[in-house]
Amino acid sequence: MKTLSEEEKNIILESIRDIPDFPKPGIIFKDITTLLSDPKALDTLMTHLENRYKSYDLDYIAGIDARGFIFGAVLADRLGLGFVTIRKKGKLPYTTVAEKYSLEYGFDEVEIHIDAFGDTEKANVLLIDDLIATGGTAVAAANLINKVGAVCVEACFVMELGFLNGKKALPAPVYSVLEID
Ligand code: AMP
């Protein structure tokens, strides 16, 4: 498995823009729109993920609403796999399974289609999102994959906010391309 060189890491890191105090004071928002609009950074990231995951025995990639859809769908296409969406409550049109998770104040909910992984028994699924902070969203998403009879074999993030240690709660191994302190 090819590891990312320092130069490649910097190409990706420098393409991500920090927006202080968004969406509220004290949060530094990691804006990946500037990564997406930089073809060299996007190709560096996606080629790295393609190389990492081509040796895994995966059946599907599942992306978290909404930025996980972008990286997940590109990766699924590169690997010749199907892509599944894990969406915020009320967006999926067919029968769903839901999982609640707590936010700083109150709750949120994510959903998956009950037949998301078709007829594949115990499908091997890679979960992907842009960023893991507290890990609440990713834990709920991984639980959903397992609830509908598939197996979350790994959770992958472009960025991990290391100081929050969100990955400790995940019911699957975690791989983060960039660790941010
Ligand atoms: P959490 O459930 O706390 O791990 O939050 C992860 C979700 O919130 C992901 O879908 C991220 O896209 C988003 N998120 C949380 N913190 C940030 C941040 N500082 N910058 C950008 N997105 C964030």
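A few points on the structure. All figures in this text were calculated on a predicted structure; none of them were measured in a lab.

Quick word on the packing of helix H3 (residues 39-53) against helix H4 (residues 67-79)
The description of two helices packed together rests on the angle between their axes and the distance between the axes.
Stage number 1. One can describe the packing of H3 onto H4 by two numbers: an axis separation of 10 Å at closest approach and a directional angle of 55°. Taken as axis vectors, H3 and H4 run oblique relative to one another. The two elements H3 and H4 meet at a crossing, and its hand is right-handed. Residue-level inspection shows Leu42, Asp43, Leu45, Met46, Thr47, Leu49, Glu50 and Tyr53 of H3 in contact with H4, the latter providing Phe71, Val74, Leu75, Arg78 and Leu79.

Some points on the sheet that holds strand E5 (residues 96-102)
Adjacent strands of a sheet form backbone hydrogen bonds with each other and so pair up, either parallel or antiparallel.
Stage number 1. The sheet built from seven strands is open, its strands ordered E5-E6-E4-E3-E7-E8-E9 with mixed pairing. Edge positions in the sheet fall to E5 and strand E9 (174-180), since each has one partner strand and no second. On average, each strand axis in the sheet is inclined to that of its neighbour by 20°, with strand direction left out of account.
Stage number 2. Taken together, the five bridges between strand E3 (residues 60-64) and strand E4 (residues 82-88) define a ladder with parallel strand orientation.

A word on the pattern of salt bridges
Stage number 1. All told, the structure shown has ten salt bridges when counted by the stated rule.
Stage number 2. Close ionic contact of Asp18 with Lys30 constitutes a salt bridge, the shortest N to O distance being 2.7 Å. Of the two residues, Asp18 is situated in strand E1 (residues 17-20) and Lys30 in strand E2 (residues 28-31); the sequence distance between them amounts to twelve residues.
Stage number 3. For Asp18, a relative accessible area of 41% corresponds to the partly exposed category.
Stage number 4. Overall, Lys30 belongs to the buried group, its relative accessible area being 15%.
Stage number 5. A salt bridge links Arg52 to Glu154, with the shortest nitrogen-to-oxygen separation between them at 2.9 Å. Here Glu154 lies in strand E8 (residues 151-161) and Arg52 lies in helix H3, a separation of 102 residues in the sequence.
Stage number 6. The exposure class assigned to Arg52 is buried, which follows from its relative accessible area of 10%.
Stage number 7. Through salt bridges with shared partners, one network takes in Asp43, Glu50 and Arg78.

Rules used throughout
- What you see as residue numbers is a count from 1 along each chain, following the sequence as written.
- Since the coordinates come from a predicted model, pLDDT governs what is reported: local features require at least 70, and pairs of side-chain atoms require 80 or more to be given and counted, while whole-chain, interface and lining totals use all residues.
- Derived side-chain values reflect all non-hydrogen atoms in the structure, with water molecules and hydrogen atoms excluded from consideration.
- Axis definition: a line fitted to C-alpha atoms, limited for helices to the stretch in contact. Angles are taken between N-to-C directions and run from 0 to 180 degrees.
- Secondary structure elements are defined from DSSP: runs of H or I of at least 4 residues count as helices, runs of E of at least 2 residues count as strands, and each element is numbered from the N terminus.
- Roughly parallel means an angle under 35 degrees; roughly antiparallel means over 145; roughly perpendicular covers 65 to 115; every other angle is labelled oblique.
- Note: crossing handedness is left-handed where the near helix turns anticlockwise from the far helix by less than a right angle, and right-handed where it turns clockwise.
- By the convention used here, residues are in contact when the closest approach between their heavy atoms is within 4.5 Å.
- The pairing criterion is simple: DSSP has to find at least two bridges between the two strands.
- By convention in these notes, a salt bridge is any Lys or Arg side-chain nitrogen within 4 Å of a carboxyl oxygen on Asp or Glu.
- Only protein chains enter the accessibility calculation, which uses a 1.4 Å probe. A residue is then buried if its area is under 20% of the maximum for its type, exposed if over 50%, and partly exposed in between.

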